[in-house]
Amino acid sequence: MKAVVLAGGYATRLWPITKHRPKMFLPVGEDTVIDTIFEDLEADERVSEVFVSTNERFADAFEDYLAESPFDKPTLSVEDTSAEDEKFGVVGALAQLIDRENVEEDLVVIAGDNLISFDVGDFVDFFYEKNSPCLAAYDVESRERAKSYGLVQLDGDRVVDFQEKPEDPKSTLVSIACYAIPAADLPKFEEYLAGDNNPDEPGWFMQWLQQKGDVFAYTFDGAWFDIGTPQSYLDAVAWYLGGENYVDDSATVENSTLGTNVHVMAGAVVENSHLEETVVFPGAVIRDAELKGSIVDEETRIENLDLSNALIGAHSQLTNGHGQ
């Protein structure tokens, strides 16, 4: 089996934090988002190689990251785009990768911005049991939230209907961008695209497959985060920290109070301040401030400010309410 980790998005809703870094590199505790996926795939002996599908803009960042990582299986596979308006869709990118890398084996595909609480190996077990295309699904338990996702309806564990971002959801079971496709079905990517079908989301391809044969859903309890917005990232950090705080040994926290779910990274300085539900990147300096629900990028300086729900880019200086 081969694996593909999708890492080609530009994460514009997380700018400026992700303007110059892939969102998959955002830390969640001691690991990054993408590391949690790599760990599962590295441990599964059925997976011989992991292709990291990214764009030209982030190719160098991924190359450096993989060179320094402890994982042996991931290799970089670069799309031919460097800007959001040049993207030809995830299904198109997958078809291009299958051709470029000469993939002829069963394939598991996972979005690199997925933070999931199940072991990918369990999903692969399910796939081999069914010997048919499979997807992972999670119950968001909210019809309002369900409107933002692709939904599935099941008969047992067999998918019988799909809805893509519906105004009137028939279920709250979300397809989470984790798929497994038998080798025999890989040529269907080209057939799908040749038929002028939607190239943007794999969910449309799975719906097309379901119209031609069985597709099964692996459902799981626990947690799932689609890290695409500042709040979803903070929610993922809060889930990981579980109400605790994580302060790097090289960070300085003096005369300050930390509420819950605060992550202060290497070399950061927090003095005479109060932080709650906040992530502070390396080298940031926060003095005489109060921050809640905020993300402070690296080498940023904040003094004498109260901020809530703020997203502050790298190397910013904010003092007494004035940015420089």
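The structure we're discussing is the one just above.
Source: prediction; values computed, not measured.

Thresholds, definitions, all that
Residues numbered from 1 in each chain as written. Predicted model: local features only at pLDDT ≥ 70, side-chain atom pairs only at ≥ 80, totals over all residues. Heavy atoms only, no water. Phe/Tyr/Trp six-rings, centres within 6.5 Å; stacked < 30°, edge-to-face > 60°. Helix = DSSP H or I, 4+ residues; strand = E, 2+ residues; numbered from the N terminus. Buried < 20%, exposed > 50% of the residue type's maximum accessible area, 1.4 Å probe, protein only. Lys NZ or Arg CZ within 6 Å of the ring centre and 35° of its normal.

A.B. asks: I tried to follow the packing of aromatic side chains on my own but got confused; where do I start?
C.D. replies: The geometry of an aromatic ring pair comes down to the distance between the two centres and the angle between the two planes. If you walk through the whole model with that rule in mind, you get 16 aromatic pairs. Taking the centre distance of 4.8 Å and the plane angle of 55° together, the rings of F25 and F62 count as tilted. A residue pair is termed long-range when its members are at least 10 positions apart, and F25 in the loop between β1 (2-7) and β2 (27-28) and F62 in helix α2 (residues 59-68) qualify at 37 residues. Look at F25 and you get buried, because its relative accessible area is 14%. Classification of F62 as buried rests on a relative accessible area of 0%. Grouped by ring-pair contacts, the aromatic residues F118, F123, F126, Y138, Y149, Y218, F220 and W224 constitute a single cluster. In this arrangement the basic side chain of K130 is found over the ring face of F216, its NZ or CZ atom lying 5.0 Å from the centre.

A.B. asks: Would you mind going over unusual backbone geometry with me for this structure?
C.D. replies: Peptide bonds are, in most cases, trans, and in most cases residues other than glycine have a negative phi. Positive phi is not limited to glycine here, since E141 has a value of about 60°. Mapping E141 onto the fold places it in the loop between β8 (134-139) and α5 (143-146). Here E141 falls in the exposed class, since its relative accessible area comes to 68%. Of note in this structure, N261 is not a glycine but carries a positive phi near 55°. By secondary structure assignment, the location of N261 is in the loop between β16 (257-258) and β17 (263-264). Judged by relative accessible area, which is 9%, N261 ranks as buried.

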